[in-house]
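Coordinate analysis (summary)
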Amino acid sequence: MTSADDQLALDVDPTVHVTVSERREGDERMLRIGPLPEPDARALAAFLLNRRDVPSTAHGPWRLAVAGGVRTVLLER
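Basis of the calculations
Every chain is numbered independently, its residues counted from 1 as its sequence is written. Totals for whole chains, interfaces and linings use all residues, but because this is a predicted model, local features are given only for residues with pLDDT of at least 70 and pairs of side-chain atoms are given and counted only at 80 or more. Side-chain numbers come from the whole structure's heavy atoms, not from hydrogens or water. We define a salt bridge as a contact between a side-chain nitrogen of Lys or Arg and a carboxyl oxygen of Asp or Glu at a distance within 4 Å. In DSSP terms, a helix is any run of H or I states spanning at least four residues, a strand is any run of E spanning at least two, and both are numbered starting from the N terminus. The rule is simple: take the accessible area with a 1.4 Å probe, protein chains only, and divide by the maximum for that residue type; under 20% is buried, over 50% is exposed, in between is partly exposed. Here, a strand pair is defined by DSSP locating no fewer than two bridges between the strands. What qualifies as a polar contact is a pair of N or O atoms within 3.5 Å, subject to a donor-acceptor requirement within protein and to the restriction that residues adjacent in sequence count only when both atoms come from side chains. Should any heavy atoms of two residues lie within 4.5 Å, those residues are considered in contact.

What to know about the pattern of salt bridges
If you walk through the whole model with that rule in mind, you get five salt bridges. For glutamate 22, the salt bridge identified is with arginine 71, shortest N-O distance 2.7 Å. Of the two residues, glutamate 22 is situated in strand β1 (residues 15–24) and arginine 71 in strand β4 (residues 69–76); the sequence distance between them amounts to 49 residues. An identical accessibility class is assigned to glutamate 22 and arginine 71; each is buried. In this structure, glutamate 76 and arginine 32 form a salt bridge, with 3.7 Å as the shortest nitrogen-oxygen distance. On the criterion of sequence distance, the pair formed by glutamate 76 in strand β4 and arginine 32 in strand β2 (residues 27–37) is long-range, its members being 44 residues apart. Several salt bridges share partner residues, and in doing so they unite Glu22, Arg24 and Arg71 into one network.

Rendered as structure tokens:
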């Protein structure tokens, strides 16, 4: 038995950042959130985009029309 065999292995969800930008009437605001576990980041992205979910293999960018502009959401590793 080696010392590597004594170690516990722990599977952890990959983490990602959620980047949200919103342009309205010439103004742009940007917010970066995270790191978050990928399932939580995808749930947040879906919420911000007013969707049930986002594609599990895609990282965006996704766009949503908002009053006077557009919201863009991107997942970054």
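Examining unusual backbone geometry
With an omega of 15°, the peptide bond between glycine 34 and proline 35 qualifies as cis. By the secondary structure assignment, proline 35 is in strand β2. Omega for the peptide link from glycine 60 to proline 61 comes to 5°, which places this bond in the cis form. Within the fold, proline 61 resides in the loop between α1 (38–48) and β3 (62–66). A positive phi angle, close to 45°, is found at glutamate 25, a residue other than glycine. Among the structural elements, glutamate 25 can be located in the loop between β1 and β2. Take glutamate 25: its relative accessible area is 74%, and that puts it in the exposed class.

Brief notes about the pairing of β4
Both β1 and β4 contribute to a ladder of eight bridges, which runs antiparallel. Pairing of valine 20 across the sheet is with valine 73, part of β4. Count of turn residues in the β3/β4 antiparallel hairpin: two residues, of which glycine 68 carries a positive phi of about 80°.

A few points about the side chain of arginine 71
Judged by relative accessible area, arginine 71 falls into the buried class, the value being 18%. Within the local environment of arginine 71, its side chain forms a polar contact with the side chain of glutamate 22, the two groups lying 2.7 Å apart. Within the structure, the side chain of arginine 71 is placed 2.8 Å from the backbone oxygen of leucine 48, a separation counted as a polar contact. Ignoring any residue separated from it by four or fewer positions in sequence, one finds arginine 71 in contact with Val20, Ser21, Glu22, Arg24, Leu48, Trp62, Arg63, Leu64 and Val66.

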